[in-house]
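# Topology and contacts: notes
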Amino acid sequence: MDLSEHAKVNRAAWNVSAADYAAAAQRNWGTDEISWGIWNVPESEVGALPDVGGMDVVELGCGTAYVSAWLARRGARPIGIDLSENQLATARRMQAEHQLEFPLVHASAEDVPLSAESADLVISEYGASLWCDPDLWLREASRLLRADGWLVFLTNSLMVTLCAPDVGPATDRLLRGQRGLRVVEYESDDGVEFHLAHSDWINTLARHGFAVTALHELYAPEGAQQTQFEWVTPEWAQRWPVEEIWVARRTDT
Ligand SMILES: C[S@@+](CC[C@H](N)C(=O)[O-])C[C@H]1O[C@@H](n2cnc3c(N)ncnc32)[C@H](O)[C@@H]1O
């Protein structure tokens, strides 16, 4: 695999942290309800997804692949792509436990070994959407999708990225400039992340043939408890959006 420098760093980091994601995999594979993000906001409240029955789906940065599993149970034909052998090992274990098989491909979402125009939906929940160069993975998403296909991805909100210190939970202060925002590396984490201002997301999506149809900003629900993700508290996420889901369509260019 010919990997970008940040992809090599992220593969190593995810092979180490994969063990911390096994419990969430167990929980998420064990439920039929589709939900989003670290506080499991139900899709029934958000409405980001189309009816996926009969759709060819590619999940970019599938990790333990519970999102693909949810879609498969609704009649979709998913393929999961991930760079981390250890995350894929958990995904394969879950597939065996739940007797739900679909292809899992060990590859980078920046260079996907699948045919052009082979998908109706490309999806990413904290996968390529966070860990890949936006121009590289959106070029791939655009190539993979048929005309009018759907792109749905969740990533950290712009707000939480601007308020996040190098170590510890998000604050109520702007700690990072928005101008020129792109690569973000935290002292407390070994990975390389990509975050864009909203105008940059819209323009980058447009450059790759996408028109945005919705932006859903997610808050922590009432009564939310602290999660394993110590970079944000429920109190913070009840006041400001912690995650955002972008929905776009592949225009017929
Ligand atoms: C937070 S997980 C998200 C996946 C899934 N929702 C989950 O929680 O298991 C992030 C995933 O992105 C993957 N990833 C990072 N860089 C990638 C790349 N260049 N190509 C494919 N996957 C990548 C990591 O290996 C990891 O499994």
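The paragraphs below set out a description of the structure included in this document. Position numbers for residues start from 1 in each chain and track the written sequence from start to end. A pLDDT threshold of at least 70 governs which residues receive local features in this predicted model, and a stricter bar of 80 or more applies before side-chain atom pairs are shown or counted, although totals over entire chains, interfaces and linings include all residues. Values reported for side chains reflect all heavy atoms of the structure, with hydrogen atoms and water molecules removed beforehand.

## Some details on helix α2 (residues 22–29)
When we look at burial in α2, the residues that qualify are Ala24, Ala25, Asn28 and Trp29. Mapping the buried residues of α2 onto a view down its axis gives an arc of 120°, with all of them on the same face. Turned more than 90 degrees away from the buried face of α2, the exposed residues are Ala23 and Arg27. Any pair of residues with heavy atoms lying within 4.5 Å of one another is described as a contacting pair. Secondary structure elements follow DSSP: runs of H or I of four or more residues count as helices, runs of E of two or more count as strands, with numbering from the N terminus. In this fold, the buried residues of α2 make contact with α4 (66–72) and α5 (85–98). Exposure classes here rest on a 1.4 Å probe applied to the protein chains alone. A residue is buried below 20% of its type maximum, exposed above 50%, and partly exposed in between. By construction, the arc corresponds to the directions joining the helix axis to the C-beta atoms.

## Here we look at the nonpolar core
The term nonpolar core refers to a set of buried residues drawn from Ala, Val, Leu, Ile, Met, Phe, Trp, Tyr and Cys, joined through side-chain atoms within 4.5 Å. Core analysis: the largest hydrophobic core is formed by 50 residues, its most contacted members being Trp29, Trp36, Leu71, Leu121, Ile123, Val152 and Ile245. When residues of this core are assigned to their parent elements, the largest contribution, six residues, is made by α4. Excluding residues within four positions of it along the chain, Val152 makes contact with Trp36, Ala48, Leu49, Leu121, Val122, Ile123, Ser124, Ile245, Trp246 and Val247. Residues Ala128, Phe153, Leu196 and Trp201 belong to the second largest nonpolar core, which totals 24 residues.

## Focus on the site of the ligand
Around the ligand, a shell composed of 18 residues is seen, among which Thr64, Asp82, Gln87, Ala109 and Glu125 lie nearest. What qualifies as a polar contact is a pair of N or O atoms within 3.5 Å, subject to a donor-acceptor requirement within protein and to the restriction that residues adjacent in sequence count only when both atoms come from side chains. Here an oxygen atom of the ligand sits 3.1 Å away from a polar atom, N or O, in the side chain of Tyr66. Interatomic distance of 2.8 Å between a backbone N/O atom of Ala109 and a nitrogen atom of the ligand. Expressed as a share of its isolated accessible area of 580 Å², the protein-covered part of the ligand is 96%. Gly falls in the polar group here, along with every residue not listed as nonpolar (Ala, Val, Leu, Ile, Met, Phe, Trp, Tyr, Cys, Pro) or charged (Asp, Glu, Lys, Arg). The class makeup of the residues in the shell around the ligand is nine nonpolar, seven polar and two charged. One heavy atom within 4 Å of a molecule or strand is enough for the residue carrying it to be called near that molecule or strand. Calculation of accessible area relied on Shrake-Rupley with a 1.4 Å probe; when residues are assessed, cover is drawn exclusively from the protein chains displayed.

## Quick word on the packing of aromatic side chains
Aromatic pairs are defined between Phe, Tyr and Trp rings, using the six-membered ring for Trp, whenever the two ring centres lie within 6.5 Å; interplanar angles under 30 degrees are classed as stacked, those over 60 as edge-to-face, and all others as tilted. Taken as a whole and assessed by the stated rule, the structure comprises 10 aromatic pairs. Among the aromatic residues, those joined into a cluster by ring pairs are Trp14, Tyr21, Trp131 and Phe229.

These figures capture arrangement, not role.
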